[in-house]
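Structural overview
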Amino acid sequence: MGDPRLASRLKEVRTAAGLTQADLAERAGVSRKTVNTVENGVFVPSTLLALSLARALGTTVEDLFWLTE
C-alpha cells in the first residue's frame, strides 16, 4: 500500500459556483495564493482551512477532499 495523497475537487466546485480564486479566498478569509496552492496540490490544507473552504462553498470537506492510495 502506497502513501495516501490528498485529492481535491476544489477548483471544480469553485468554478461551478462561478467564483474566482480571489472570491473564494475572501469568503474563506485566506489569501488567493493559499487557494491557488491548495488547488494545485502544492499545499495540503489544515483541518481548519479545509472546513473554511467547504463552508465558503456551501459543501462538506468530504465533497472537496479525499485520500487516494
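Just so we're clear, the structure is a prediction, and the values are computed from it rather than from any experiment.

**Quick look at the environment of Phe65**
For Phe65, the position within the fold is in strand 2 (residues 65–68). Residue classification places Phe65 among the buried residues on the basis of a relative accessible area of 7%. With 15 residues separating them in the primary sequence, Phe65 and Ala50 have C-alpha atoms 8.1 Å apart. Each residue touching Phe65, except ones within four places of it in the same chain, is listed here: Leu6, Ala7, Ser8, Val38, Pro45, Ala50 and Leu53.

**Here we look at helix 2 (residues 21–28)**
Within helix 2, the full set of buried residues consists of Gln21, Leu24, Ala25 and Ala28. Around the axis of helix 2, the buried residues are gathered within 100 degrees of arc, so they sit on the same side. The outward face of helix 2, more than 90 degrees from its buried face, is lined by the exposed residues Glu26 and Arg27. Taken together, the buried residues of helix 2 touch helix 1 (10–16), helix 3 (32–39) and helix 4 (47–57).

**Things to note about the side chain of Arg14**
For Arg14, the location among the structural elements is in helix 1. A distance of 2.8 Å separates the side chain of Arg14 from the backbone oxygen of Leu19, its partner in a polar contact.

**As for the nonpolar core**
Formed by 16 residues in total, the largest nonpolar core has its most connected members in Leu10, Leu24, Val38, Leu53, Leu57, Leu64 and Phe65. Mapped onto this core, the elements with two or more residues apiece are helix 1, helix 2, helix 3 and helix 4. Tallying contributions element by element places helix 4 first for this core, with six residues. In contact with Val38, other than residues within four places in its own chain, are Leu10, Phe43, Pro45, Leu49, Leu53 and Phe65.

**A short note on the packing of helix 2 against helix 4**
For the pair helix 2 and helix 4, the least separation of the axes is 9 Å and the interaxial angle reads 110 degrees. One element, helix 2, and the other, helix 4, form an angle in the roughly perpendicular class. For the crossing formed where helix 2 meets helix 4, the hand is right-handed. Two secondary-structure elements touch here, helix 2 through Leu24, Arg27 and Ala28 and helix 4 through Ser52, Leu53, Ala56 and Leu57. A per-class count over the contact of helix 2 with helix 4 returns five nonpolar, one polar and one charged.

Procedures and definitions
Residues numbered from 1 in each chain as written. Predicted model: local features only at pLDDT ≥ 70, side-chain atom pairs only at ≥ 80, totals over all residues. Heavy atoms only, no water. Helix = DSSP H or I, 4+ residues; strand = E, 2+ residues; numbered from the N terminus. Buried < 20%, exposed > 50% of the residue type's maximum accessible area, 1.4 Å probe, protein only. Contact = heavy atoms within 4.5 Å. Arc of directions from axis to C-beta. Polar contact = N/O pair within 3.5 Å; in protein donor to acceptor, adjacent residues only side chain to side chain. Core = buried A, V, L, I, M, F, W, Y, C linked by side-chain atoms within 4.5 Å. Axes fitted to C-alpha atoms, helices over the stretch in contact; angles between N-to-C directions. Parallel < 35°, antiparallel > 145°, perpendicular 65-115°, else oblique. Left-handed = near helix turned anticlockwise from the far one by under 90°. Nonpolar A, V, L, I, M, F, W, Y, C, P; charged D, E, K, R; others polar.

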